[in-house]
Protein chains: 2
Amino acid sequence: MDVIEVIVRKRDGGELSTEQIDWVIDAYTGGRVADEQMSALAMAILLNGMTRREIADWTQAMIRSGERMDWSMLDRPTADKHSTGGVGDKITLPLAPLVAACGAYVPQLSGRGLGHTGGTLDKLESIPGWRASLSNEEMLGVLREAGAVICAAGSGLAPADRKLYALRDVTGTVESIPLIASSIMSKKIAEGTGTLVLDVKVGSGAFMKSVDRARELASTMVELGTDAGVRTVALLTAMDRPLGRAVGNALEVEEAVEVLAGGGPSDVVELTVRLAREMLETAGVSGKDPADALKDGSAMDSWRRMIRAQGGDPDALLPRAAETMTVEAPESGVLARLDAYAVGLAAWRLGAGRTRKEDPVSFGAGITLHAKPGDLVRAGQPLMTLHADETSRFERALAALEGGYEIGPAAAEQLPLVIERIG
Amino acid sequence: MDVIEVIVRKRDGGELSTEQIDWVIDAYTGGRVADEQMSALAMAILLNGMTRREIADWTQAMIRSGERMDWSMLDRPTADKHSTGGVGDKITLPLAPLVAACGAYVPQLSGRGLGHTGGTLDKLESIPGWRASLSNEEMLGVLREAGAVICAAGSGLAPADRKLYALRDVTGTVESIPLIASSIMSKKIAEGTGTLVLDVKVGSGAFMKSVDRARELASTMVELGTDAGVRTVALLTAMDRPLGRAVGNALEVEEAVEVLAGGGPSDVVELTVRLAREMLETAGVSGKDPADALKDGSAMDSWRRMIRAQGGDPDALLPRAAETMTVEAPESGVLARLDAYAVGLAAWRLGAGRTRKEDPVSFGAGITLHAKPGDLVRAGQPLMTLHADETSRFERALAALEGGYEIGPAAAEQLPLVIERIG
């Protein structure tokens, strides 16, 4: 097979055959197709699209480039959730032990944050002793012990996706729905979960800014999962404002623990319970309702066992940033708008996020929100607290927040927390 | 500046600024923009196009990546011709000395053949002793001695184009009019000619298969040349059938010498004279008519001086292929059709062309045509003679010719030799 033929076919608007897709993914993983050839193909895919069949073949070829995990030895169904990423999105933390407490196994492979969105592994690593890297045997051990495990994907899982993602990142070819969908789903299908609930975020703080684009991505992923034998549903959820009141690694762990203790911000609780119900229902597990499991301590119990099984101390004090700064309401009124992207960017600049994959994150850095859109505020009242390891970071964070919130006579219209269900 | 911003702008259908184009060409030449980034940008340009201003900026940036030659010390105008390449297109060989004999200097940088089209340097190298590589001083010496020089472009001329062309060749991004036009024109403008006549070939044996695409390429190049202060015109000419009766390196040199001696096939003579008149008229040189200079021996004189000044012996016997094979007319009638691509491919397989840049060519290999479209033929009469160094090459050449010619009651419609003039 000839790589130029494959590129030219897609470039000229044609459909790639299954054989062409299998060959090009295999040859790229093996180094027989060069980066400059794959990036030209990725650009042609971004601009000319792929059919449902092509996306499915592309996803399967990436899965076949590595190992595929198998949890059929377990005595209960497996269920997992994937979020496309947002600001203050710590839902995975309470959700995984909650679903485990209600009777399904949750084997979750997570990622790290990049840009203005946080990563689940970065958040959990703020817990002293907690380890993200587990062998397959260790993963199984944690699952059996706690019912849930959250860890880093090993290098053996969809290596073609790993290589292609790094390439897309530097060649302006990230924003392609076929390539995004196949990247996410190749890892989730290879992970071996029986049920998958996708949380596709919409709004300024999300990757998908419009409901239409989010719906297209969600439908594509639901089709891919379904075609591969994974029971898959998707929720489109709001990311025009931050989720909850904490943005930043240790700050979000604290909020997750509040939720597991039966408290926490209402939007975080609502979305956690909704996603848990979707996961359990889709997995065919009935019995305890997730709302009850947050109240009766069983979800917290599962959380503590999970953290401990991965070397963490669930009772340890979490890192705190050395410096804080309060942002006060400039006038009295209603907090009309609080933009997710502005808050995410500010938290990133405070040290909560990273610019390059190699960068460290500050566990204590981030933002605590004292008011959410719709809340009444009085002039001079604290709107938010910024946390950073050095005071020098506050200026650029404040610049990011400029224009990111507004006080007015009434709340501006915002997206419903759950916009739509697909699947 | 950020390369991803540049790629994304073009990807999303935007127009690149002069600063962005200057930066990206400079950074690519310097190795600060990687091949995989440039190929993604090339694919975005191919699919989304460039405006006239962008193409001009792109061309200028490539010119600035290297040296720009200057012939202002000469006492007469300079004129050059560029052909987009065809089968049996040996026009440069008689044309350059002919124009010199009529009063303009012709400083021509030429290339080698690739694929089914031949290269001027390969043809001239079949003359024993002739050297393609000259220093700038040597070039000037040959020009002063013979009025014309044909040699290889040095590595200092438009190095950005050299690097980008090699990249496009392996990434399926060759067929973009903005990229083709800027590649050709950056070299021709850097070469320093005052006048340029473009011979844009159209038909099966050409790069541009349709008159519309050829016209678009020609107009783009004429605009680029004009904008850069080079008096530029273009002719669209026929390449649906081979030009002349000889296809192959030494065979074409022999035919060129026939033309310089006042003979030769009528289509080669007609096109040579027409292009010479265009070059002289555009350069503002009047006096001797090119048709006369072919008859009175002055063009031949210039040719002999040019060949000798580059180390060649104009009287030497040219290499001959060891083996020949005659293809006979299968029936009597009119040679209705003789496809340029089929003949070019057959000559290539006989050894006249190369597949990779590093391959050698056979100087003697090629095809002599004994009939041209419209000629009456009798069954059993020789249609063409194949020349190769080994008999083993004949079978694949015959396969290339299959369906490439047709004998019928009358000639099929063919393109006029000169289709259109632009500029």
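Computed from a prediction, not measured in an experiment: that's the story for all the values here. Throughout this document, residue positions are counted from 1 along each chain, in the order its sequence is written. Chain A is the first chain written and ligand 1 is the first ligand written, with later ones labelled in order. The predicted origin of the model limits local features to residues at a pLDDT of at least 70 and limits the giving and counting of side-chain atom pairs to 80 or more, whereas totals for whole chains, interfaces and linings rest on all residues. Where side-chain values are given, they derive from all heavy atoms of the structure, hydrogens and water being excluded.

A tally of regular secondary structure across chain A gives 16 helices and 13 strands. In summary, chain A has a C-alpha radius of gyration of 22 Å against a globular reference of 22 Å for 423 residues, a match within 12%. Counting only C-alpha atoms, chain A reaches 70 × 45 × 35 Å along its principal axes. Residue burial in chain A is summarised as follows: out of 423 residues, 58% are buried. Put simply, DSSP marks the helices as runs of H or I at least four residues long and the strands as runs of E at least two long, and each gets a number from the N terminus on. For the radius of gyration, the atom set is restricted to C-alpha positions; the globular benchmark scales as 2.2 Å times the number of residues to the power 0.38. With a 1.4 Å probe rolled over the protein chains alone, any residue whose accessible area is under 20% of its type maximum counts as buried; one over 50% counts as exposed, and the rest are partly exposed.

What follows covers the interface of chain A and chain B. Between chain A and chain B, the contact holds 21 residues from the first and 21 residues from the second. Buried area: the accessible surface (1.4 Å probe) lost by two parts on joining, summed over both. Summing the contributions of chain A and of chain B, the shared interface buries around 1600 Å²; its carbon and sulfur component is 67%. We define a salt bridge as a contact between a side-chain nitrogen of Lys or Arg and a carboxyl oxygen of Asp or Glu at a distance within 4 Å. Here chain A is connected to chain B by two salt bridges. R11 of chain B is the partner of E175 of chain A in a salt bridge, and the nearest nitrogen-oxygen pair spans 2.7 Å. Nitrogen and oxygen atoms within 3.5 Å of one another constitute a polar contact, given that in protein one can donate a hydrogen and the other can accept it, and given that sequence-neighbouring residues count only through two side-chain atoms. The tally of links from chain A across to chain B stands at nine residue pairs in polar contact (both at pLDDT 80 or more). Elements that contribute at least two residues to the side of chain A that touches chain B include exactly α1 (3–11), α3 (35–48) and α8 (159–171) of chain A. Here the side of chain A that touches chain B takes 10 residues from α3 of chain A, the largest share from any one element. Classes in brief: Ala, Val, Leu, Ile, Met, Phe, Trp, Tyr, Cys and Pro nonpolar; Asp, Glu, Lys and Arg charged; the others, Gly included, polar. Looking at the side of chain A that touches chain B residue by residue, the class counts come to 10 nonpolar, six polar and five charged. Any pair of residues with heavy atoms lying within 4.5 Å of one another is described as a contacting pair.

What follows is about the confidence of the model for chain A. Looking at chain A as a whole, the pLDDT averages 96, with 100% of positions reaching at least 70. Note on the complex model: pTM 0.90, ipTM 0.88. Predictor confidence is given residue by residue as pLDDT, running from a minimum of 0 to a maximum of 100.

Residues and elements named next belong to chain B. Along the chain, the position of K357 falls in the loop between α15 (340–352) and β9 (366–369). In this structure K357 comes out as exposed when scored by relative accessible area, which is 56%. Along the backbone, K357 and G264 are 93 residues apart, and their C-alpha atoms lie at a distance of 31 Å.

Our next topic: the sheet that holds strand β4 (residues 195–202) of chain A. Residue and element names in this part refer to chain A. Two strands are counted as paired when DSSP detects at least two bridges linking them. One open sheet accounts for four strands, arranged β1-β4-β5-β13; its pairing is mixed. Either end of the sheet is taken by a strand with one partner, and the two such strands are β1 (79–83) and β13 (418–422). With direction set aside, neighbouring strand axes in the sheet form an average angle of 20 degrees. Inspection of the sheet shows β1 paired to β4 by five bridges, in the parallel sense. Bridging across to β4, D80 finds its partner in L196. Between N-to-C directions, angles cover 0 to 180 degrees, with each direction set by a line fitted to C-alpha atoms, over the stretch in contact for helices.

Quick look at the relation of the copies chain A and chain B now. Alignment of the copies relies on least squares applied to C-alpha atoms, considering only residues that score at least 70 for pLDDT in both. Between chain A and chain B, the superposition needs a rotation of 179 degrees and an axial shift of 0.1 Å, giving an RMSD of 0.1 Å. Each copy turns onto its partner about a two-fold axis. Minimal C-alpha separation from the rotation axis in chain A is found for E36 of chain A, amounting to 1.7 Å. Most of the interface of chain A is mirrored in chain B: 100% of its interface residues are interface residues there too.

Here the distance between the centres and the angle between the planes together describe a pair of aromatic rings. Here a pair means two rings of Phe, Tyr or Trp (six-membered ring of Trp) with centres within 6.5 Å. Their orientation is stacked below 30 degrees between planes, edge-to-face above 60, and tilted elsewhere. Per the stated rule, a full pass over the model turns up zero aromatic pairs over all chains. The rule for a charge over a ring is simple: NZ of Lys or CZ of Arg within 6 Å of the ring centre, and within 35 degrees of the ring normal. Taking NZ or CZ as reference, R76 of chain A lies 4.5 Å from the ring centre of Y105 of chain A, over its face.

All names here are of chain A. Just so you know, the domain bounds were taken from an automatic or database domain assignment. Looking at chain A, the domain boundaries give domain 1 (3–49), domain 2 (79–309) and domain 3 (323–408). The straight-line distance from the C-alpha centre of domain 2 to that of domain 3 is 24 Å. Taken together, the contact pairs 26 residues of domain 2 with 30 residues of domain 3. Remark: the boundary between domain 2 and domain 3 carries three salt bridges. The salt bridge involving R354 is made with D122; its shortest N-O contact spans 2.8 Å. One can count 13 residue pairs in polar contact (both at pLDDT 80 or more) joining domain 2 with domain 3.

Moving on: the pairing of β4 of chain A. All names here are of chain A. Judged by how many residues are buried, β4 sits mostly within the fold: eight of eight residues are covered. Burial of β4 is two-sided: the residues T195, V197, D199 and K201 facing one way and the residues L196, L198, V200 and V202 facing the other way are all buried. Bridging between β4 and strand β5 (residues 231–238) involves eight bridges; their strand directions are parallel. Bridge pairing in β5 links V200 to L236. Crossover connection from β4 via helix α10 (residues 211–227) to parallel β5: handedness right-handed. Crossover handedness is defined here as right-handed if the route from the first strand over the helix to the second strand goes clockwise, with the strands pointing away from the viewer.

Residue and element names in this part refer to chain B. Where helix α9 (residues 177–190) meets helix α10 (residues 211–227), the closest approach of the two axes is 9 Å, and the angle between their N-to-C directions is 40 degrees. For the element pair α9 / α10, the angle class is oblique. As for how α9 packs across α10, the hand of that crossing is right-handed. Contact residues: α9 offers I177, I180, A181, S182, I184, M185 and I189, while α10 offers R213, E216, L217, T220, M221, L224 and G225. When the residues that make up the contact of α9 with α10 are grouped by side-chain class, the tally is nine nonpolar, three polar and two charged. Reported orientations rely on four angle classes, namely roughly parallel under 35 degrees, roughly antiparallel over 145, roughly perpendicular from 65 to 115, and oblique for the rest. When the near helix sits turned anticlockwise from the far one by under a right angle, the crossing is termed left-handed; a clockwise turn instead gives a right-handed crossing.

On to helix α14 (residues 298–309) of chain A, then. Residues and elements named next belong to chain A. How far a helix is expected to stretch is found by multiplying one less than its residue total by 1.5 Å. Over its 12 residues, α14 extends 16 Å from the first C-alpha to the last, a length consistent with the 16 Å expected when each residue adds 1.5 Å. Regarding α14, the residues found buried are S298, A299, M300, S302, W303, M306 and I307. For α14, the secondary structure elements touched by its buried residues are α5 (92–101), α6 (120–124), α7 (136–146), β3 (148–152), α11 (249–260) and α13 (290–295). Phi turns positive, to about 90 degrees, at G311, one or two residues after α14.

A few words now on the packing of helix α7 (residues 136–146) of chain B against helix α14 (residues 298–309) of chain B. Residues and elements named next belong to chain B. For the pair α7 and α14, interaxial distance at closest approach is 9 Å and the crossing angle is 155 degrees. In terms of axis orientation, α7 runs roughly antiparallel to α14. As for the relative orientation of α7 and α14, their crossing is right-handed in sense. For the pair formed by α7 and α14, the contact residues are V142, E145 and A146 on the first element and S302, R305, M306 and A309 on the second. By residue class, the composition of the contact of α7 with α14 is four nonpolar, one polar and two charged.

All names here are of chain B. Applying the stated criterion across every chain yields a total of 66 salt bridges over all chains. Between R112 and D122 there is a salt bridge, and its shortest N-O distance comes to 3.5 Å. Of this pair, R112 sits in the loop between β2 (106–110) and α6 (120–124) while D122 sits in helix α6; the two residues are 10 residues apart in sequence, bridging distant segments of the chain. Given a relative accessible area of 2%, D122 falls into the buried group.

Another aspect to go through is the nonpolar core. To form a nonpolar core, buried Ala, Val, Leu, Ile, Met, Phe, Trp, Tyr and Cys residues must be joined to one another through side-chain atoms within 4.5 Å. In terms of nonpolar packing, the biggest core is built from 280 residues, with W58, W303 and I367 of chain A together with W58 and W303 of chain B touching the most fellow members. When near neighbours in sequence (up to four residues on either side) are disregarded, I367 of chain A contacts R245, A246, V247, L251, V343, A346, A347, L350, M384, T385, L386 and H387 of chain A.

Turning our eyes to something else, we now look at helix α12 (residues 266–283) of chain B. Over its 18 residues, α12 of chain B extends 25 Å from the first C-alpha to the last, a length consistent with the 26 Å expected when each residue adds 1.5 Å. Where α12 of chain B terminates, the next one or two residues include G284 of chain B, which has phi positive at roughly 80 degrees.

All right, on to the side chain of N249 of chain A then. Residue and element names in this part refer to chain A. Structurally, the position occupied by N249 is in helix α11. From its side chain, N249 meets the backbone oxygen of S362 in a polar contact 3.3 Å long. What N249 contacts, discounting residues up to four positions off in sequence, is G119, D122, K123, S126, A352, V361, S362, F363 and A365.

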